Amino acid sequence: MEIQTHYPKNPILKTYIEYYYFLKTSSKDFSSVYYSFPNTSHSLNIHKNVTCDIASDYIHVKENNKNNFLTIVQGKYETPLLVRLKGRFDKVTIIFKPLGLNHFIDRPFACVAGRSSQIFEEWQSDPDYISFLNNFYKTENNIERVKFLEFFLLSKHHNLNQYAILQNAIEQLNNFEVEHSIEEIAGNAGMNLRSFSRLFYNQLGISPVGFKKIARFRHSLKNKLFSDNFKRLTDIGYESNFYDQSYFIKMYKKLTKDPPTSFFKSIEKLADNQLILKFFSQ
């Protein structure tokens, strides 16, 4: 599976988007099956000529020339998501940082992406979106496509209420040098625990506790895969605040279906090593 990676050019979009990746296949016989793993980021996938079958633990996307454009958004999930791709593909995926997509939609994130995968319809009634899609797919040049994409995204951009509170909470949840309890983070925001948890879930589609678990997993993943020095799994777990080794193994089994040792032997890195997937033979 060949992927081309591009990064936001506009300084505003750099605040909210990690990267874009393009997948294009030319054969109707193309087929790929893989696990995607829980992440703190959100992906928005824009396709041409596909249809999809979606359930809580899998998504099957296949070529269908009767459909024109289809956009799929991933919400939060805490177990691996099985992805099946089949046929000719021409898609772009936007990887939004936590709270990133919120600046381009009018409803709370939990209302838009309350499940692991769903059809994204927030822009469907906007004629500018249809115009963007037509222009986007008229060119084969991905650099030009990024220009069209960013022009459209900027037209949808708006400020998010309580962004500073939520962003500060995310930074504390991602801080593995100083451990912050959810109660402490809520207090730092000047909110009681119930109100804070409700706001957090509304805008991120997951509880603060659930987010923290995924953040720990992603931190340990990067620590293991991108460290210059060899590190034992015990140290990897400890540095991501998995103080109990049995709990570290238990969480990996839940989030990846494999214990850590088996998991790290089975995955592949794509999109400038930012996309971590486990492929299955067919």
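Each remark here, short or long, concerns the structure printed above.
Residues numbered from 1 in each chain as written. Predicted model: local features only at pLDDT ≥ 70, side-chain atom pairs only at ≥ 80, totals over all residues. Heavy atoms only, no water.

Student: Whenever I open this one, the nonpolar core confuses me. Can you help?
Tutor: If you look at soluble globular proteins, the nonpolar side chains tend to sit buried side by side. Grouped together as the largest cluster of nonpolar side chains are 29 residues, with contacts concentrated most on Tyr20, Ile94, Trp123 and Leu153. Among the elements of the structure, α1 (11–16), β2 (17–24), β4 (42–48), β7 (69–74), β9 (90–96), α2 (109–112), α3 (127–138) and α4 (142–156) are those that each provide at least two residues to this core. It is α3 that provides the largest number of residues to this core, a total of five residues. By size, the runner-up hydrophobic cluster in this structure holds 21 residues, among which are Tyr19, Leu23, Phe30 and Ile95. (Core = buried A, V, L, I, M, F, W, Y, C linked by side-chain atoms within 4.5 Å. Buried < 20%, exposed > 50% of the residue type's maximum accessible area, 1.4 Å probe, protein only. Helix = DSSP H or I, 4+ residues; strand = E, 2+ residues; numbered from the N terminus.)

Student: Just checking my understanding: could you explain the sheet that holds β4 for this structure?
Tutor: The strands making up a sheet associate through backbone hydrogen bonding, with each pair oriented either parallel or antiparallel. The sheet built from six strands is open, its strands ordered β1-β2-β9-β4-β7-β10 with antiparallel pairing. In the strand order of this sheet, the two ends are held by β1 (3–6) and β10 (117–119), each with one partner. Sheet twist, expressed as the mean angle between neighbouring strand axes with direction ignored, is 20°. For β4 and β7, the ladder comprises five bridges, and the chain directions are antiparallel. Residue pairing for β7: Asn45 is matched across the bridge by Ile72. (Pairing = 2+ DSSP bridges. Axes fitted to C-alpha atoms, helices over the stretch in contact; angles between N-to-C directions.)

Student: Could you clarify how one ought to interpret the packing of aromatic side chains in this entry?
Tutor: One pair of aromatic rings is described through two measures. These are the centre distance and the angle between the planes. Evaluated as defined, the whole model comprises 30 aromatic pairs. Their ring planes at 55° and their centres at 5.2 Å tell us that Phe242 and Phe248 sit as a pair that is tilted. By relative accessible area, which is 4% here, Phe242 ends up buried. The class of Phe248 is buried, set by a relative accessible area of 0%. Aromatic ring contacts, followed pair by pair, group Tyr35, Phe37, Phe217, Phe242, Tyr247, Phe248, Tyr252, Phe263, Phe264 and Phe280 into a single cluster. The ring of Phe242 has Arg216 lying over it, and the distance from NZ or CZ to the ring centre is 5.8 Å. (Phe/Tyr/Trp six-rings, centres within 6.5 Å; stacked < 30°, edge-to-face > 60°. Lys NZ or Arg CZ within 6 Å of the ring centre and 35° of its normal.)

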